[in-house]
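Here are the chains, one letter per residue:
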Amino acid sequence: MKAVTWQGRRDVRVEDVPDPRIEKPTDAVIRITSSGLCGSDLHLYEVLTPFMTPGDILGHEPMGIVEEVGSEVTNLKPGDRVVVPFQISCGHCFMCDSGLTTQCETTQVTGEGMGAALFGYTRLYGAVPGAQAEYLRVPQAQFGPMKVPEGPPDDRFVYLSDVLPTAWQAVEYAAIPPGGSVAVLGLGPIGDMSCRIAEARGAEQVFGIDLVPERLARANRRGVKTYDLRTFDDEKALIHAIRDETGGRGPDAVIDAVGTEAHGSAAARLAQQATALMPRALATPLAERFSIDRLGALYMAIDLVRRGGTISLSGVYGGMADPIPLLTLFDKQTQLRMGQANVRRWSDQIMPYLTDDDPLGVEDFATHRVPLSEAPHAYEMFQRKEDGAIKILMKP
């Protein structure tokens, strides 16, 4: 089959790889009909290269048709249309029963000290072959895949794999009070969808912050009050502008949907780039112990949120030696919540929003739809934020 493989920093290729097969009784094999390109895929493209191996298959946002199931998968049959969560979880361990499917004790990558295995996301998360491919082996298929109805286009449901539950959890963790306010840093797919969900769930004021014109315009069209970082002398001026809209206090909650590749952290960016260019034998131990993030977005969130407010981190961070202003967090009595989205915990709550009325605008959420063969160009375009690329779906 054809699949998108990682070959090095900023080097992905579409190659022929062996077809997946049933390996365990709890496996299924699905034929992919749509697969998303995620902002966190760009971290593999640029930053997290020490944890990648040439030939790794990328991608973790799939939906498709069940082709084959293992003997212990009784809830699916060939021909079922399914969306597959980006994490692999069993549904019956202590963590899954607690709603923390990203900490599944059956698939935890204990050798790396990490949580549940993920599709297509480094050896830290199990080096499981990913979903930007023609076919996908799905472990723990007795729990993970979600059946969806025939008829509506893939775009109606494919975001249940990652974007929707990640944004839903970001809003849930933000604990926005009824009629309250939230600022969303970064209006890529997760930030944009977080704004839509916050509005749908009753937030009175939703502020969106970015510096990409297409992202700002898109959010503004849906009623978000947007702020362009480029139009302010510095971040303090932006923070004061939003405080003026919130009684001088700042928003009740801030969602950081940016993560490790934030703008404005030149020294950290140089350190990330240097590590990415080192030989893997040297880069890996350095990354495991001394890696740092570009923390511009997080520092802004800490400054911006009102005292006693909540910061919700949905952007991916990977640093092991990050300097965090604990004095400010403690003094402001700030609550901080974070983590990979627990997809199946939220999927039933999200499903009622995926109606013909399409209140979250999922059917026109993608800005680009490309064949799998164009994946290298799609990665480059997305990474450079060219041609208005905000969300890209691949069609095998």
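Please refer to the structure higher up on the page.
Only a predicted model underlies this, so the values are computations on that prediction, with no experimental measurement involved.

Enquirer: What is the right way to look at empty space enclosed by the protein in this model?
Expert: A probe as big as a water molecule, rolled over the atoms, marks out the empty space that is left. Applying the stated rule across the entire model yields two cavities of 30 Å³ or more. Space inside the largest cavity adds up to approximately 40 Å³. Taken together, Val84, Pro85, Gln87, Ile88, Ser89, Phe119, Val138, Pro139, Gln140, Gly144 and Pro145 make up the full set of residues lining the largest cavity. Looking at the lining of the largest cavity residue by residue, the class counts come to seven nonpolar, four polar and no charged.

Enquirer: Would you explain the packing of aromatic side chains in this entry?
Expert: Aromatic ring pairs: the centre-centre distance and the angle between the two ring planes describe each pair. A full pass over the atoms with the stated rule returns six aromatic pairs. Considering the side-chain rings of tyrosine 159 and phenylalanine 365, the 5.2 Å spacing of their centres and the 75° angle between planes classify their relative orientation as edge-to-face. Here tyrosine 159, found in the loop between strand E7 (146-147) and helix H3 (163-174), pairs with phenylalanine 365, found in the loop between helix H11 (343-350) and strand E14 (368-371); they are 206 residues apart in sequence, far enough to count as distant. Of the two residues examined, tyrosine 159 and phenylalanine 365, each falls in the buried class. An aromatic cluster is built from Phe207, Tyr227 and Phe232, whose rings are joined through pairwise contacts. When the ring centre of tyrosine 173 is taken as origin, the NZ or CZ atom of arginine 337, which lies over that ring, is 3.8 Å away. The positively charged end of arginine 344 is found above the aromatic ring belonging to phenylalanine 143, 5.0 Å away from the centroid.

Enquirer: Is there a simple way to explain the sheet that holds strand E11 (residues 253-256) in this structure?
Expert: Within the open sheet, the six strands sit side by side as E10-E9-E8-E11-E12-E13. Their pairing is parallel. Every interior strand has two partners, whereas the edge strands, strand E10 (225-228) and strand E13 (335-338), have only one. Here the strands of the sheet are splayed against their neighbours by 20° on average, with no regard to which way each runs. In this sheet, E11 lies alongside strand E8 (residues 181-185) in parallel orientation, the contact comprising four bridges. Along E11, the bridge assignment pairs valine 184 with isoleucine 255. Across the face of the sheet, helix H9 (residues 296-304) comes into contact with E8, strand E9 (205-210), E11 and strand E12 (310-313) while running at roughly 165° to E8.

Enquirer: Help me out: how do you make sense of the packing of H3 against helix H4 (residues 189-200) in this one?
Expert: Relative orientation and spacing of two packed helices are given, respectively, by the angle between their axes and the distance between those axes. Between H3 and H4, whose axes approach to 8 Å, the crossing angle comes to 60°. The pairing of H3 with H4 is recorded here as oblique in orientation. Both H3 and H4 take part in a crossing whose hand is right-handed. Across the interface between the two elements, Val163, Leu164, Thr166, Ala167, Trp168, Ala170 and Val171 of H3 pack against Pro189, Ile190, Met193, Ser194, Ile197 and Ala198 of H4. A breakdown of the residues in the contact of H3 with H4 according to their chemical character gives eleven nonpolar, two polar and no charged.

Rules and cut-offs
- Residues take numbers from 1 onward in each chain, read along the sequence in its written order.
- Two thresholds apply to this predicted model, a pLDDT of at least 70 for residue-level local features and 80 or more for giving and counting side-chain atom pairs, whereas whole-chain, interface and lining totals are computed over all residues.
- The side-chain values count all of the structure's non-hydrogen atoms but skip hydrogen atoms and water molecules.
- Both site types are read off a 1 Å grid over the protein atoms alone. A 1.4 Å probe that fits but cannot get out defines a cavity, while an open set with protein on both sides within 12 Å along at least five of seven lines defines a pocket; lining residues have an atom within 4 Å of a point.
- Grid points are joined across faces, edges and corners, and a volume is the space filled by probe spheres set on the points.
- Residue polarity is assigned by list, with Asp, Glu, Lys and Arg as charged and Ala, Val, Leu, Ile, Met, Phe, Trp, Tyr, Cys and Pro as nonpolar; anything else, Gly included, falls into the polar class.
- Ring pairs are drawn from Phe, Tyr and Trp, using the six-membered ring of Trp, whenever the two centres fall within 6.5 Å, and their geometry is named by plane angle: stacked under 30 degrees, edge-to-face over 60, tilted for the rest.
- A run of H or I in DSSP counts as a helix once it spans at least four residues, and a run of E counts as a strand once it spans at least two, with each numbered from the N terminus.
- Summary of the burial criterion: residues with accessible area below 20% of their type's maximum are buried, those above 50% are exposed, and those between are partly exposed, where the area comes from a 1.4 Å probe applied to protein chains only.
- We call a charge positioned above a ring when the Lys NZ or Arg CZ atom is no farther than 6 Å from the ring centre and deviates by at most 35 degrees from the ring normal.
- By definition, two strands form a pair when at least two bridges between them are found by DSSP.
- Interaxial angle, 0 to 180 degrees, is taken between N-to-C directions of lines fitted to C-alpha atoms, where a helix line uses only the stretch in contact.
- Note on contacts: a residue pair qualifies if any of its non-hydrogen atoms lie within 4.5 Å across the two residues.
- When describing relative orientation, an angle under 35 degrees is termed roughly parallel and one over 145 degrees roughly antiparallel, while 65 to 115 degrees is termed roughly perpendicular and anything else oblique.
- Take the far helix as your reference; a near helix turned counterclockwise from it by less than a right angle gives a left-handed crossing, and one turned clockwise gives a right-handed crossing.

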